[in-house]
Amino acid sequence: MEMRRLGAAGPRVAPIGLGCSAMSGAYGPADEKESVATIRAAIDAGVTLLDTADFYGMGHNEWLIRQALRAGDREKVVLSVKFGQLCGLDGTFGISDGRPAAVKTFLAYSLQRLGTDHVDIYRPARLDPAVPVEETVGAIAEAVRGGYVRGIGLSEVGPETIRRAHAVHPITDVQIEYSLFSRGAEDGVLETCRELGIGVTAYGVLSRGLLSGGYRPAADATGARAHLPRFQDDNVAANLTLVENLRKIAEPRGLTVAQLAIAWVLAQGRAGARAGARPEGDIVALVGARKPHRVTDAVAAARLTLTEEESAAVERAVPRAAVAGERYGAAAMTHLDSER
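Rules and cut-offs
- Going along each chain's sequence as written, the residues are numbered from 1 onward.
- pLDDT decides what is reported in this predicted model: residues at 70 or higher carry local features, side-chain atom pairs at 80 or more are listed and counted, and totals for whole chains, interfaces and linings draw on all residues regardless.
- Water and hydrogen atoms play no part in the side-chain values, which are based on all heavy atoms of the structure.
- Only protein chains enter the area calculation, which uses a 1.4 Å probe; residues under 20% of their type maximum are buried, those over 50% are exposed, and those in between are partly exposed.
- The helix and strand labels rest on DSSP assignments: H or I over at least four residues marks a helix, E over at least two residues marks a strand, and numbering proceeds from the N terminus.
- Here, the arc refers to the directions that run from the helix axis to the C-beta atoms.
- Crossover handedness is defined by viewing with both strands directed away from the observer: a clockwise path from the first strand over the helix to the second marks the crossover as right-handed.
- Axis angles are defined between N-to-C directions and span 0 to 180 degrees, where every axis is a line fitted to C-alpha atoms and, for a helix, only to the segment in contact.
- A clockwise turn of the near helix away from the far one marks a right-handed crossing, whereas an anticlockwise turn of less than a right angle marks a left-handed crossing.
- In this description, contact between two residues means that some pair of their heavy atoms is separated by no more than 4.5 Å.
- Residue polarity is assigned by list, with Asp, Glu, Lys and Arg as charged and Ala, Val, Leu, Ile, Met, Phe, Trp, Tyr, Cys and Pro as nonpolar; anything else, Gly included, falls into the polar class.
- Between the rings of Phe, Tyr and Trp (Trp by its six-membered ring), a pair exists once the centres lie within 6.5 Å; its type follows the angle of the planes, with under 30 degrees stacked, over 60 edge-to-face, and the other angles tilted.

Q: Sorry if this is basic, but what is going on with helix H2 (residues 60-68) here?
A: Side chains that are three or four residues apart share a direction in an α-helix, a result of its 3.6 residues per turn. Within H2 the residues assigned to the buried category are Asn61, Glu62, Leu64, Ile65 and Ala68. Each buried residue of H2 lies within a common arc of 160° when the element is viewed along its axis, so the set occupies one face.

Q: What is the right way to read the pairing of strand E10 (residues 171-177) from this model?
A: Regular strands place their side chains on alternate faces of the sheet. Most of E10 is tucked away: seven of the seven residues are buried. A crossover connection joins strand E9 (residues 149-155) to the parallel E10 through helix H5 (residues 159-168); in handedness this β-α-β unit is right-handed. Traced from E10 through helix H6 (residues 189-196) to strand E11 (residues 199-203), the parallel crossover comes out right-handed.

Q: What's the story with the packing of helix H1 (residues 32-44) against H2 in this structure? I'm lost.
A: When two helices pack together, you describe them by how their axes are tilted relative to each other and by the distance separating the axes. Contact geometry of H1 with H2 gives a least axis separation of 9 Å together with a crossing angle of 60°. The two elements H1 and H2 meet at a crossing, and its hand is right-handed. Within the contact between the two elements, H1 uses Glu32, Ser35, Val36, Ile39 and Arg40 and H2 uses His60, Trp63, Leu64, Ile65, Gln67 and Ala68. A breakdown of the residues in the contact of H1 with H2 according to their chemical character gives six nonpolar, three polar and two charged.

Q: Would you mind going over the packing of aromatic side chains with me for this structure?
A: The relative placement of two aromatic rings is captured by the distance of their centres and the angle of their planes. Applying the stated criterion across every chain, the model contains five aromatic pairs. Look at tyrosine 178 and tryptophan 264: their rings are 5.6 Å apart centre to centre, the planes differ by 50°, and that puts the pair in the tilted class. With a gap of 86 residues between them, tyrosine 178 in the loop between E10 and H6 and tryptophan 264 in helix H8 (residues 257-273) connect regions that are remote in the sequence. Through pairs of rings, three or more aromatic residues link up here, namely Phe83, Phe106 and Tyr122.

If you want it as structure tokens, here you go:
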């Protein structure tokens, strides 16, 4: 796969990264052996970025990655870790903790679970409204100087926060939801990152399965989807109609809907980066998977090239205003600095 650099001086990674949350129960039960096989299949296919968080499965995801990495694999992969999301005994998430002392504690636990002496990219999962971002980034910067972290990332933050953080320490990348169903990153975040030389890792490129082409509503939906507006009642029916529009474009090219959706995201990275002399693109697509064949499909999508006319046709098939429902529930939306 064509490699691309995260940020002005960050690591070079494949255009497809592996999102690991589904391996720790985010969308229902997952088989550990199959999850380990998926991580190994991704590495063997040339995927270099593994995205996790200390709160995925209450640490289970980091432990799982440790089990999956074989001798020599650690040197091949870039570990991107989110931290700080507080959780109650009932499993519900609250605010994020970005206090400097908490940053160091979270990092120490992650290094132990991952079985490594450093994290390649470390980022707060959400902005802590009670702690200036400068203090949180400053604490991570101390870990960079100590050799425990290689690069600093951000997640779901807006342009002003990006600038403030970048002034403290160069930011490697900003992680934000970006797909045909979630275009909010185009309202300033992508432009700011390109201006400052910051990479973008797009998560939710398949909108948690809606853009997979194979999702079917279930009366007993479990996991995160049960609480997401786009999967509720009339919303899911309207959104699946948009998916069928994409299928009419994908199938004549011998593609799946998922491959077309991934290729579109990567095409936006190439189009936006041409002016900055980075024709390989500045967006990395994080694809969630818990079965090896999903990795195979995603890697194939990374080799596709969409023309400007094809990208325009895809966007006409999924008008931004036609997507039904917010990407998170009302309470979770209030925690997104990127939406302010």
